[in-house]
Amino acid sequence: MAAVSDRLPAFPWDKLEPYKKTAAAHADGIVDLSVGTPVDPVPPLIQRALIEAADSPGYPTVWGTAALRDAITGWVRGRLGASAAEHRNVLPVVGSKELVAWLPTQLGLGAGDKVAYPRLAYPTYEVGARLCGAEAVVYDDPTELDPAGVKLLWLNSPSNPTGKVLAKEALVRIVAWAREHGILLFSDECYLELGWEAEPVSVLHDDVCGGSYEGIVAVHSLSKRSNLAGYRAAFVAGDADVLGELLEIRKHGGMMTPAPVQAATVAALGDDRHVEEQRERYAARRAALRAALEAHGFRVEHSEASLYLWVTRDEPCWETVAHLADLGILVAPGDFYGEAGAQFVRVAFTATDERVEAAVKRLG
């Protein structure tokens, strides 16, 4: 076990603990804008669906119920513009982080293979490469990579941490390049429904992939759109051959979404109203925090989508973390996401209205 854990970087959030203690010592308590975990209630219709499915004594299936596959394919067609999606093009997973971390291993990658991901990125892309012994490589533009040895290419739009959105034209170009070189492309689109100053587009959109899902898979989560981080409800959609192979592997591994969560997912994907209501909450918090941060001397870059503001005072990120911790505000240092983030911090706007108001007051 030590040999496996030795492949991995230090768990980044442990470094934040001293600053969390400083922020927690504030007279009015901590405002935690670091992790970005949902804090608003799970919508009642989703809770009811979970409760009504609570009497589930038997094993669920890895592929999910037909009702779940209907719900996912219907959503993929309607929301993502993937008009040809069928049951064989979808697969539920036990939260998107699990999928990201173990995907290279499940694809059979290892020494000599390369996993590519953005220079500024969710740390779990690197973790997935390290777990299977593959080489992790970063890019600014994936089409400028040497394709030799690249077996898996991660896209992330909208980006975590920056909130940057890839334009449709860029996606078309990248999909064509990956197909030309026989590189499997996985697109992490977990923040797709949270565009503010840009309209995110899926790689599965007919205009991007030409109606064919060959060599491409999109990753989606209900954690942010529906406040279901505690449910571990997510799915992948795309290339039927790739998903068929993953299904067989995951059957052997027992990677099953619990039956009540499957029912809750059906309810969540069948309702748009709660998504719009949650967007309105986030939009108000985002506007308040952005104005306060800019008035405090921060510059906001990208941040046109997702649940974060990517900000800088042109100083080392840990100095910024310490400064805000003294105000009782905890944020994520940019270097958690790569060396290119060394002068930035990521500010989540997932705190309650009361805590966001407290942060705005302290920044003032």
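From a predicted model like this one, the values you see are computed outputs, not experimental measurements.

K.L.:
Describe the overall build of the protein chain, listing the residues and the values that go with them.
P.N.:
In terms of helices and strands, the protein chain carries 13 helices and 13 strands. Looking at the protein chain residue by residue over its 364 residues, the buried ones come to 54%. In the protein chain, 75% of the contacts between residues at least 6 apart in sequence involve partners at least 24 apart. As displayed, the protein chain offers around 15,200 Å² of accessible surface, 53% of which is attributable to carbon and sulfur atoms. Across the protein chain, the 35 positively charged side chains and the 49 negatively charged ones have centroids separated by 3 Å.

K.L.:
Report on the sheet that holds strand E9 (residues 299-301), specifying residues and quantitative values.
P.N.:
In space, the four strands of this open sheet follow the order E9-E10-E13-E12, with antiparallel pairing throughout. With partners counted over all chains shown, the strands left at the sheet margins are E9 and strand E12 (332-333), one partner each. Across the face of the sheet, helix H11 (residues 273-295) comes into contact with E9, strand E10 (308-312) and strand E13 (345-348) while running at roughly 5° to E10.

K.L.:
Kindly report on the packing of aromatic side chains, identifying the contributing residues and their values.
P.N.:
Tallied over the entire structure, the rule returns 14 aromatic pairs. Seen in terms of ring centroids, Trp75 and Phe235 are 5.8 Å apart; in terms of plane orientation they differ by 80°. Their pairing is edge-to-face. One end of the pair, Trp75, is in helix H4 (residues 66-80); the other, Phe235, is in strand E8 (residues 234-238), and 160 residues separate them in sequence. Pair check on accessibility: Trp75 and Phe235 agree, each one buried. Taking the centre distance of 5.6 Å and the plane angle of 65° together, the rings of Trp154 and Phe186 count as edge-to-face. Residue Trp154 is found in strand E5 (residues 150-156), and its partner Phe186 is found in strand E6 (residues 184-188); the two are separated by 32 residues along the sequence. The residues Trp154 and Phe186 share a single accessibility class, namely buried.

K.L.:
Any chance you could break down the sheet that holds E6 for me, citing the residues and the numbers?
P.N.:
Strand order in the open sheet formed by seven strands is E2-E8-E7-E6-E5-E3-E4, and the pairing between neighbours is mixed. The outermost strands of the open sheet, each flanked by one partner alone, are strand E2 (90-93) and strand E4 (135-139). Across this sheet, the average inter-strand angle for adjacent strands is 20°, counted without regard to direction. Sheet topology note: the strand E3 (residues 114-118)/E5 ladder contains three bridges and is parallel. In the strand pairing of E5, Lys114 is matched with Val150. Docked against the sheet, helix H7 (residues 168-180) engages E5, E6 and strand E7 (216-221), running at close to 170° with respect to E5.

K.L.:
Pulling in residues and values, what's your account of the nonpolar core?
P.N.:
Counting residues in hydrophobic clusters, the biggest one holds 61 residues, and the most contacted among them are Leu33, Trp154 and Phe186. Filtering out sequence-adjacent residues up to four positions away, Phe186 remains in contact with Leu99, Leu103, Leu152, Leu153, Trp154, Leu155, Val217, Val219, Val242 and Leu246.

K.L.:
How would you sum up the layout of surface pockets? Please name residues and give values.
P.N.:
Computed from the structure, the largest pocket encloses a volume of approximately 1,200 Å³. The wall of the largest pocket is formed by 44 residues, among which Trp13, Lys97, Tyr122, Pro123 and Thr124 lie closest to the centre. Approximately 450 Å³ is the volume found for the second largest pocket. Pro118, Tyr139, Asp140, Lys164 and Leu166 are the residues nearest the centre of the second largest pocket, which is lined by 22 residues in total. Within the residue set of the lining of the second largest pocket, elements represented by two or more residues are E5 and H7.

K.L.:
An account of the pairing of E6 is needed here, citing residue identities and associated values.
P.N.:
A large share of E6 lies buried, amounting to five of its five residues. The two faces of E6 match: Leu184, Phe186 and Asp188 on one face and Leu185 and Ser187 on the other face are all buried. Bridge analysis of E5 against E6 gives five bridges, and the strand direction is parallel. When the sheet's bridge partners are listed, Asn156 is paired in E6 with Asp188. Following the backbone out of E5, through H7 and into the adjacent parallel E6, one traces a crossover that is right-handed. Pairing of E6 with E7, which is carried by four bridges, proceeds in the parallel orientation. Each bridged residue has a counterpart across the sheet, and for Leu185 the counterpart in E7 is Ile216.

K.L.:
Would you mind going over unusual backbone geometry in detail, with residue names and values included?
P.N.:
The peptide bond linking Ser157 to Pro158 adopts the cis configuration, its omega dihedral lying at -5°. Mapped onto the secondary structure, Pro158 falls in the loop between E5 and H7. Even without being a glycine, Asn227 presents a positive backbone phi close to 60°. Within the element layout of this structure, Asn227 appears in the loop between E7 and E8. The phi dihedral of Ser303 is positive, around 65°, even though this residue is not glycine. Summarising the element assignment, Ser303 is placed in the loop between E9 and E10. Exposure remark for Ser303: the relative accessible area of 0% places this residue in the buried category.

Reading the values: rules and limits
- Residues numbered from 1 in each chain as written.
- Predicted model: local features only at pLDDT ≥ 70, side-chain atom pairs only at ≥ 80, totals over all residues.
- Heavy atoms only, no water.
- Helix = DSSP H or I, 4+ residues; strand = E, 2+ residues; numbered from the N terminus.
- Buried < 20%, exposed > 50% of the residue type's maximum accessible area, 1.4 Å probe, protein only.
- Contact = heavy atoms within 4.5 Å.
- Areas by Shrake-Rupley, 256 points an atom, 1.4 Å probe, with all protein chains shown as cover.
- Lys, Arg positive; Asp, Glu negative; His and termini not counted.
- Charge placed at Lys NZ, Arg CZ, Asp CG, Glu CD.
- Pairing = 2+ DSSP bridges.
- Axes fitted to C-alpha atoms, helices over the stretch in contact; angles between N-to-C directions.
- Phe/Tyr/Trp six-rings, centres within 6.5 Å; stacked < 30°, edge-to-face > 60°.
- Core = buried A, V, L, I, M, F, W, Y, C linked by side-chain atoms within 4.5 Å.
- 1 Å grid on protein atoms, 1.4 Å probe; cavity = no way out; pocket = protein on both sides within 12 Å on 5 of 7 lines; lining within 4 Å.
- Points joined across faces, edges and corners; volume = space filled by probe spheres on them.
- Right-handed = clockwise from strand over helix to strand, strands pointing away.

These figures come from the coordinates and say nothing about function on their own.
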